[in-house]
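Descriptive analysis of the structure
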Amino acid sequence: MGAKMASSHQRFFSMRNPFSRCVLFAVALLMLLAITWKSDRIEDYGSRIVKAASSHSKGNGQQEPLGDTPQATDKDVVPVSTHMMDCSINTTYMGELKARYDLQDGFHYLKRYVKINREPIPRKSVTKLSQEFLPNTFKTIDLQNPALYGNEKCIDPIQVPVSQSPFPASGNLSDFMFGVSTTFKRFSSDKTSPVNEWTYWLTDGKGNSNGGKLVLLLLDATEDQILHASTVLRHVGIDVDVFHSDSAMEMAVRYLTLIPTLYNHPERPNKKWLVSCDDDTFFPSVHALTKKMEAYDPRDMLYIGTLSEDVNNVDRHGSQAFGGAGVFLSVPLAEQITLNYETCKTDEKIHESNSGWGPQGDILLRKCIYENSDVRLSILRGLYQLDLYGDPSGFYEAGIKPISLHHFKGGGWHSALPWQYTKLAHICGEDCTLQRFQTSDNFIISAGFSVVHYPQGINFNMAQMERTFAAAPQDKGWNLDYVFDPQRPSLLKTGRKISWDLQDAELSEDNSLTQTYVRRANDWRWVDRNGEPMSRVDGIIELVWVP
């Protein structure tokens, strides 16, 4: 039989066909280029990982993230809530609140909804509203008679206009590397652990790094403790390297050592700013921080920070950046400090850094810079060292938008909960944190911090900070004026002010935020001038914010 005739498509792709040979050659060339490109990519990333790992302690290596910091497409989308208003009182839940906050029987309760209205307006220190905060009265909770409750109706929501500020999820700290030295005890203690605060300003709130790098030095930590700290921080999305620090080294020298540690880090070539701060330094607004830093050229030799608010501390320790507020160094200056490191930590220099309160790391760093260059401190307004004692409410109720906070863990300094305060930013924008809203019945909401009632009216200058706090150890009355401006007299123990303070904030899956503010009947602050309590009953206000 004769040979079969090849089909048309077989004839078309026959190797005898010149067009077929061209097509196959082109395909082969593309495959070769793809393999070569992939090989180059693998070799490039592999060399970067090896380089990073080679400079880390054994057992503490971390793979450098491949590529740029992840940027989710929904980060800047304004949250929408499906929350349904419900003000019915559930006595089981009321019992939980009573136990959680150790309240008296028959405590007062109020639930109030707040509707967030984002508008193209600037952030205001105080926004005056036409609505009342308390058009009715508080509910007295009697847990022994649950049948009294269950049919409560909601008051119309408080409508608050706010600016269209960005959300924490879209913050980008890729240009920054932060160095912190602390102890494992402080890191792991429920009272002093910085994990929640770091999670706020070093991640997008969704388990991903925002590009900021953390280098953590743990004093005398074991390998197991270093591994534990590293695991905890990476689990919440923080890009961190954890190292051992030796207590045999003078504390001031350990502080100075942060700078060459950051400068010699393998990821430093990708950074513009190296930042030294404390484990209780907090940045409420990543966007505000990065915006402020845009005013500086990172190619210059720059030493950026702030003085203490207390002029006595400046007189005592000197004019330098106080580290708790954050010290920002450009890479060129950090290089200079690294070159001079050995001569900056001699016994003589350590002795010179003793201000009478022991050798100070801030002084040692300032001397290393000033004695080896013409660089001097550039003040960044909005950074706060917060060398304050007593009740800090006057600061937090001033309507300001701080770039950094410090000394809020108690232990002699003031106590505050900035991680709780800033949860509102996730649904309202960063401008909302600590923004004030004044209602027509003399209540002021300092968003995230307190709800305050002024029963005798708001007849004072709200542009001035209330001096509820004190400077120490020598309070001359004007110590803080050069930073805070002269403060108005405190209203504590006058009968003119009573406050519910934030204790907890919970962000729900429906994008609503429930804030719990608590007032205690035995709070020493809320008495009149004769010492009589302004209320003899504990109280709770729940604010539910809805975008």
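Please refer to the structure higher up on the page.
Below you will find a few notes about this structure. (Residues numbered from 1 in each chain as written. Predicted model: local features only at pLDDT ≥ 70, side-chain atom pairs only at ≥ 80, totals over all residues. Heavy atoms only, no water.)

1. Notes on the environment of proline 486
With respect to the helices and strands, proline 486 occurs in the loop between helix H17 (481-484) and strand S17 (498-507). Note: C-alpha distance between proline 486 and arginine 467 (19 residues apart in sequence) is 8.9 Å. In this view, proline 486 contacts Gln464 and Asp481; residues no more than four positions away in its chain are not counted. (Helix = DSSP H or I, 4+ residues; strand = E, 2+ residues; numbered from the N terminus. Contact = heavy atoms within 4.5 Å.)

2. Considerations on the state of the cysteines
Evaluated as defined, the whole model comprises 3 disulfides. A sulfur-sulfur separation of 2.0 Å characterises the disulfide bridge that pairs cysteine 87 with cysteine 154. Between cysteine 87 and cysteine 154 the disulfide shows an S-S torsion of about 110 degrees. By sign, it is right-handed. Linking cysteine 87 in the loop between helix H2 (18-54) and helix H3 (91-100) with cysteine 154 in the loop between strand S3 (139-140) and strand S4 (158-163), this pair joins segments that are 67 residues apart in sequence. There is a disulfide in this structure between cysteine 344 and cysteine 368, and the S-S distance comes to 2.1 Å. Judged by the sign of its S-S torsion, about 80 degrees, the bond between cysteine 344 and cysteine 368 is right-handed. Of the two residues, cysteine 344 sits in helix H11 (residues 341-344) while cysteine 368 sits in helix H13 (residues 361-370), which places them 24 residues apart along the sequence. As far as burial versus exposure is concerned, cysteine 344 and cysteine 368 are alike and both buried. (Disulfide = S-S within 2.5 Å. Buried < 20%, exposed > 50% of the residue type's maximum accessible area, 1.4 Å probe, protein only.)

3. Notes on the pairing of strand S10 (residues 327-330)
The alternating pattern of S10 places Val327 and Leu329 and Phe328 and Ser330 on opposite faces, both of which are buried. As paired elements, strand S8 (residues 273-276) and S10 share 4 bridges and run antiparallel to each other. Pairing of tryptophan 273 across the sheet is with serine 330, part of S10. Both strand S9 (residues 303-305) and S10 contribute to a ladder of 2 bridges, which runs antiparallel. Residue pairing for S10: tyrosine 303 is matched across the bridge by leucine 329. (Pairing = 2+ DSSP bridges.)

4. Brief notes about the pattern of salt bridges
In this structure the tally under the stated criterion is 23 salt bridges. Salt-bridge contacts for arginine 525 lead to aspartate 501; the nearest nitrogen and oxygen are separated by 2.7 Å. Pair noted here: arginine 525 is in the loop between strand S18 (513-519) and strand S19 (539-546) and aspartate 501 is in strand S17, with a separation of 24 residues, a long-range link. Taking relative accessible area as the criterion, arginine 525 reaches 8% and is therefore assigned buried. The class for aspartate 501 is buried, based on a relative accessible area of 15%. Three or more residues joined by partner-sharing salt bridges are found here, namely Lys213, Arg234, Asp239, Asp241 and Glu267. (Salt bridge = Lys/Arg side-chain N within 4 Å of Asp/Glu carboxyl O.)

5. Structural notes on the side chain of histidine 287
Secondary-structure assignment places histidine 287 in helix H8 (residues 286-293). Histidine 287 has contacts with Pro166, Phe167, Ser170, Gly171 and Glu430, leaving out every residue within four places of it along the chain.

6. Things to note about the packing of aromatic side chains
By the definition in use, this model includes 25 aromatic pairs. Measuring from centroid to centroid gives 4.8 Å for tryptophan 201 and phenylalanine 283, while their planes differ by 80 degrees, and the two rings are edge-to-face. With tryptophan 201 in helix H5 (residues 195-202) and phenylalanine 283 in the loop between S8 and H8, the pair connects residues that are 82 residues apart, well separated along the chain. Accessibility assignment for this pair places tryptophan 201 and phenylalanine 283 in one class, buried. Through a chain of ring-to-ring contacts, the aromatic side chains of Tyr384, Phe395, Tyr396, Tyr421, Phe449, Phe469 and Phe484 assemble into a single cluster. A cation sits over an aromatic face here: arginine 268 above tyrosine 263, 4.0 Å from the ring centre. (Phe/Tyr/Trp six-rings, centres within 6.5 Å; stacked < 30°, edge-to-face > 60°. Lys NZ or Arg CZ within 6 Å of the ring centre and 35° of its normal.)

7. Some words on the side chain of aspartate 279
Its location among the elements puts aspartate 279 in the loop between S8 and H8. Here the side chain of aspartate 279 touches threonine 182 through a polar contact of 2.7 Å, side chain to side chain. A distance of 2.7 Å separates the side chain of aspartate 279 from the side chain of arginine 186, its partner in a polar contact. With near-sequence residues (within four places) excluded, aspartate 279 lies in contact with Val180, Thr182, Arg186, Pro194 and Trp198. (Polar contact = N/O pair within 3.5 Å; in protein donor to acceptor, adjacent residues only side chain to side chain.)

8. Remarks on unusual backbone geometry
Cis peptide bonds are those with omega within 30 degrees of zero, and the linkage from alanine 472 to proline 473 qualifies with 5 degrees. A positive phi is found at aspartate 102, a non-glycine position, where the angle reads about 55 degrees. By the element assignment, aspartate 102 lies in the loop between H3 and strand S1 (108-119). What makes aspartate 102 exposed here is its relative accessible area of 63%.

9. Re the pairing of strand S15 (residues 450-453)
Here 4 bridges tie strand S14 (residues 443-446) to S15, and the two strands are oriented antiparallel to one another. Within S15, the residue paired with isoleucine 445 across the bridge is valine 451. Here S14 folds back onto S15, and the loop between the two strands holds 3 residues, one of which, glycine 448, carries a positive phi near 95 degrees. Alignment of S15 against S17, held across 4 bridges, turns out to be antiparallel. Looking across to S17, one finds that valine 451 is bridged to tryptophan 500.

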